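What follows is the residue order along each chain.
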Amino acid sequence: MARTDVDFSRGSIPKTILRLSLPMIAAQIINALYSMVDRMFIGRIPEVGSQALTGVGVTFPFIMIISAFAALAGMGGAPLLSIARGEGRDEYGAQIIGNACTMLLVFGVALTVICLAVKDPVLYWFGASEETMPYADAYLSVYALGSLFVMATLGMNCFISAQGFARVSMMTVLIGAVLNIILDPIFIFVLHMGVQGAALATIISQGVSAVWVMKFLTCDRCTVRLQARHMRPDGPVMRRILGLGLSTFVMNVNDSLVSIVCNTSLQAFGGDVYVGVMTVVSSVRSMLTMPLSGFSQAASPVIGYNYGAGRYDRVRQAAMFTLCGCMGFATLVWIITLSVPEWLIRIFNDDPALIAAGVPCCRIYFALFLLMGLQLTGQRCFVALGKSRQAIFFSLLRKAFLVVPLALTLPRLFNLGVYGVFLAEPISDFIGPVACFTTFMLTEWKHLRQGEKAAA
């Protein structure tokens, strides 16, 4: 691929974002299949499907923490690489990739050790019961062994996307997802490995994807390559990566924290069936928001590159196009979830008790989801422009400052019970996105207009 193919300072902004977004949306959807396929097969294990599904759902905070550390280096370094390329500093970009890789290797080893050491007491804290604990423990014990593969796949794949190789990035997750779909039924049903088989299929698939990522980043086709000489730790480079990646890290840790709080509240007010409902509803949210995430992520390298090149007019154009796309996707998800919640729940499990409890909870949970287009646009623009403090604050606002206290207090008010836990989400879906996007327009948008006038 020629260098001009990944020069984001030229050509149509909408066409460039769409060219990048289509394979990235596909990649995000395929990536969601990892957990979805596991849960779909697990939910259909004869006689114990519902309990097994709930048990695996309890492991979600652990999985999100592992993903958070992958994002800390990957999503922190990728925008910096885009800005460096826009400035014509490819050597510095190579340092960013190398240091990010070193951090991911350290994170992977450390998380494996910590996870295996503390999983038993922590899983009970996360909402496991005596009935669901065996399934949670069995799944996590195997999954934790693949933490290093998750780091390499999720973290380093960001640097492929940041250089404009969206199709290669899509292939990373396509290879793993297809292999996971093939291995899941073999391990779970043919070899009778149950939830351990699902976890084993996942880490094998992630391992194959990790090999694909590392091979591409070290080949001559890659614009800015991963080289051993750039993997030596560099304090200033690592601090910049951590500073910018902290916002995405906080978002993922927030998701983990919210999952813990919601599961414990639901266990107290409704029992295992409502923990199972939350597992399904959160899986539905993950599945349907992947296009939204992929589209906004595709805009990030375009925004960062043009910002580094001083093309503020193109930054503003990219931000507005991102807003339109995100709002369109979010509205579509909102319509689907409110219209056919029962059908969405049946994808995972057709237990009548789970469906009866899940349908009203699903409608409450997604009541104001259409506003998430504002959140993702503002959040992604802050990150792409290197504004880590703002991105971190609005990550914390929607989840840690809103959902967590609401999920703890609402169930005790007006006899809301379990519905109070699900009601916390739409309240945060209103306050968080409006605050995030309004702040972006009043601060960064104003600065971009001033920079555009000065350049003219």
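To be clear, the structure that these remarks concern was listed above.
Residues numbered from 1 in each chain as written. Predicted model: local features only at pLDDT ≥ 70, side-chain atom pairs only at ≥ 80, totals over all residues. Heavy atoms only, no water.

Comments concerning the packing of helix 4 (residues 90-125) against helix 5 (residues 133-143)
Helix packing for two helices is described by the angle between their axes and how far apart those axes are.
Right, on to step 1. Two numbers describe how helix 4 lies on helix 5: the axes approach to 10 Å, and their chain directions differ by 160°. With respect to helix 5, the element helix 4 is oriented roughly antiparallel. Helix 4 and helix 5 meet at a crossing whose hand is right-handed. Contacts between helix 4 and helix 5 involve Cys115, Leu116, Lys119, Asp120, Leu123 and Tyr124 from the former and Met133, Ala136, Asp137, Leu140 and Ser141 from the latter.
Right, on to step 2. Residue classes in the contact of helix 4 with helix 5 are distributed as 7 nonpolar, 1 polar and 3 charged. (Axes fitted to C-alpha atoms, helices over the stretch in contact; angles between N-to-C directions. Helix = DSSP H or I, 4+ residues; strand = E, 2+ residues; numbered from the N terminus. Parallel < 35°, antiparallel > 145°, perpendicular 65-115°, else oblique. Left-handed = near helix turned anticlockwise from the far one by under 90°. Contact = heavy atoms within 4.5 Å. Nonpolar A, V, L, I, M, F, W, Y, C, P; charged D, E, K, R; others polar.)

Considering the packing of aromatic side chains
Right, on to step 1. Considering all chains together, one arrives at 17 aromatic pairs under this definition.
Right, on to step 2. Judged by centre distance (4.9 Å) and plane angle (75°), the rings of phenylalanine 69 and phenylalanine 249 are edge-to-face. With a gap of 180 residues between them, phenylalanine 69 in helix 3 (residues 60-86) and phenylalanine 249 in helix 9 (residues 235-269) connect regions that are remote in the sequence.
Right, on to step 3. Accessibility expressed as a relative area gives 21% for phenylalanine 69, which makes it partly exposed.
Right, on to step 4. By way of ring pairs, the aromatic residues Phe382, Phe393, Phe394, Phe401, Phe437, Phe440 and Trp445 are connected into one cluster.
Right, on to step 5. Over the ring of tyrosine 92 we find arginine 89; its NZ or CZ atom is 4.5 Å from the centre of that ring. (Phe/Tyr/Trp six-rings, centres within 6.5 Å; stacked < 30°, edge-to-face > 60°. Buried < 20%, exposed > 50% of the residue type's maximum accessible area, 1.4 Å probe, protein only. Lys NZ or Arg CZ within 6 Å of the ring centre and 35° of its normal.)

A short note on the pattern of salt bridges
Right, on to step 1. If you walk through the whole model with that rule in mind, you get 12 salt bridges.
Right, on to step 2. The partner of arginine 311 in a salt bridge is aspartate 313, with the nearest N and O atoms 3.5 Å apart.
Right, on to step 3. A relative accessible area of 32% means that arginine 311 is categorised as partly exposed.
Right, on to step 4. The exposure class of aspartate 313 is partly exposed, given its relative accessible area of 32%.
Right, on to step 5. The salt bridge involving glutamate 425 is made with lysine 399; its shortest N-O contact spans 3.3 Å. Of this pair, glutamate 425 sits in helix 16 (residues 418-442) while lysine 399 sits in helix 15 (residues 388-409), placing them 26 residues apart in sequence. As far as the burial class goes, glutamate 425 and lysine 399 line up, both buried.
Right, on to step 6. In this structure, a network of salt bridges that share partners links the residues Arg285, Arg398, Lys399, Glu425 and Asp429. (Salt bridge = Lys/Arg side-chain N within 4 Å of Asp/Glu carboxyl O.)

So, a nonpolar patch on the surface
Right, on to step 1. On the surface, Val178, Ile182, Ile186, Phe189, Val190 and Leu191 cluster together into a nonpolar patch covering about 500 Å² of accessible area.
Right, on to step 2. Locating isoleucine 186 in the fold gives a position in helix 7 (residues 166-190).
Right, on to step 3. Residue isoleucine 186 is classed as partly exposed on the basis of its relative accessible area, which comes to 35%. (Patch = residues over 30% accessible without salt bridge, like charges linked within 9 Å, V, L, I, M, F, W, Y side chains within 5 Å. Areas by Shrake-Rupley, 256 points an atom, 1.4 Å probe, with all protein chains shown as cover.)

Quick word on unusual backbone geometry
Right, on to step 1. The phi torsion at phenylalanine 414 lies on the positive side, around 55°, for a residue other than glycine.
Right, on to step 2. Phi is positive for asparagine 415, close to 60°, though the residue is something other than glycine.
Right, on to step 3. You can see asparagine 415 is positioned in the loop between helix 15 and helix 16.

Focus: the nonpolar core
Right, on to step 1. Formed by 144 residues in total, the largest nonpolar core has its most connected members in Ile42, Tyr139, Met156 and Val195.
Right, on to step 2. Among the elements that take part in this core, helix 10 (residues 272-308) stands out by supplying 16 residues, more than any other. (Core = buried A, V, L, I, M, F, W, Y, C linked by side-chain atoms within 4.5 Å.)

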